[in-house]
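Chain by chain, the residues:
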Amino acid sequence: MTSGSSSTEEHVVLLSETGAAIGVAPKRTVHTRDTPLHLGFSCYLFDTDGRLLLSRRALSKATWPGVWTNSFCGHPAHDEDLALAVRRRALQELGAEVDAVREVLPDFRYRAVDASGVVENEICPVFTAVLVGELDPVAEEVSQWQWADPEAVQRAAAETPFAFSPWMVEQLPALKAAGWGVPA
């Protein structure tokens, strides 16, 4: 993966408090106890039957290992179109091609601290997409996955928020209010 430079190391786009890009930094150096504000994205992937894909983060992940979350997340490269970043990350993390990529919550922002003290601090537009073909998740990213009814996911996250990623728990009510953002 590139960040627009000749390096193959993944970079994240650093942001000002107003959301303006102010630079890039290697991803491996950014997620700490003092994580700077940066650009990410979340995506909720649906199948053609309207089921939502939940994924369980790999146990080797630096933040929120083993936690159930939305279908996939990522960071766009510098000057990368967000919808293209969603497509790229779906392929990298889930081995999946996606269609009907739609930005549903363009202004979502959150800050959360995991049990190890590592901070997530993102402006994180939220997308929905529809799976094309089959899944082939990468074990270093996803330890388990499950298709579920979106309303059941909404209820589960509301009743047991500790079992899910904090960003997903915050995103779900707004997604539901937006009609999940999936084309009929």
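Residues numbered from 1 in each chain as written. Predicted model: local features only at pLDDT ≥ 70, side-chain atom pairs only at ≥ 80, totals over all residues. Heavy atoms only, no water.

(A) Region of interest: the nonpolar core. In this structure, Y44 and M168 are the most contacted members of the largest nonpolar core, which totals 23 residues. Those elements that place two or more of their residues in this core are β4 (41–46), β5 (52–57), β8 (97–105), β9 (109–113), α3 (150–159) and α4 (166–177). With four residues, α4 is the single largest residue contributor to this core. Once residues lying within four places of it in the same chain are set aside, the contact partners of Y44 are L52, N70, S71, V126, F127, T128, A129, M168, Q171, L172 and L175. Core analysis: the second largest hydrophobic core is formed by 17 residues, L45, L94, V98 and F127 among them. (Core = buried A, V, L, I, M, F, W, Y, C linked by side-chain atoms within 4.5 Å. Buried < 20%, exposed > 50% of the residue type's maximum accessible area, 1.4 Å probe, protein only. Helix = DSSP H or I, 4+ residues; strand = E, 2+ residues; numbered from the N terminus. Contact = heavy atoms within 4.5 Å.)

(B) Focus on α3. Regarding α3, the residues found buried are P150, V153, Q154 and A157. Buried residues along α3 cover an arc of 100 degrees about the axis, so they all sit on one side. Buried residues belonging to α3 abut β4, β5, β12 (142–148) and α4. One side-chain oxygen of the residue at the start of α3 lies 3.1 Å from the amide nitrogen of E151, identifying that residue as D149. (Arc of directions from axis to C-beta. Polar contact = N/O pair within 3.5 Å; in protein donor to acceptor, adjacent residues only side chain to side chain.)

(C) Spotlight on unusual backbone geometry. With a phi close to 45 degrees, W64 is a non-glycine residue in the positive phi region. Positionally, W64 belongs in the loop between β5 and β6 (68–69). A relative accessible area of 9% means that W64 is categorised as buried. One non-glycine residue, D79, adopts positive backbone phi at about 65 degrees. Here D79 lies in the loop between β7 (72–74) and α2 (82–94). A relative accessible area of 72% means that D79 is categorised as exposed.

(D) Geometry of the pattern of salt bridges. Under the counting rule described, the total for this entry stands at nine salt bridges. The closest approach of N and O atoms between R28 and E9, which form a salt bridge, is 2.3 Å. Here E9 lies in the segment before β1 (11–15) and R28 lies in helix α1 (residues 27–30), a separation of 19 residues in the sequence. The exposure class of R28 is exposed, given its relative accessible area of 64%. Close ionic contact of E141 with R89 constitutes a salt bridge, the shortest N to O distance being 2.9 Å. With E141 in the loop between β11 (126–132) and β12 and R89 in helix α2, the pair connects residues that are 52 residues apart, well separated along the chain. Each member of the pair E141 and R89 is classed as buried. Here the salt bridges share partners, and the residues they tie into one network are K61, R89, E93 and E141. (Salt bridge = Lys/Arg side-chain N within 4 Å of Asp/Glu carboxyl O.)

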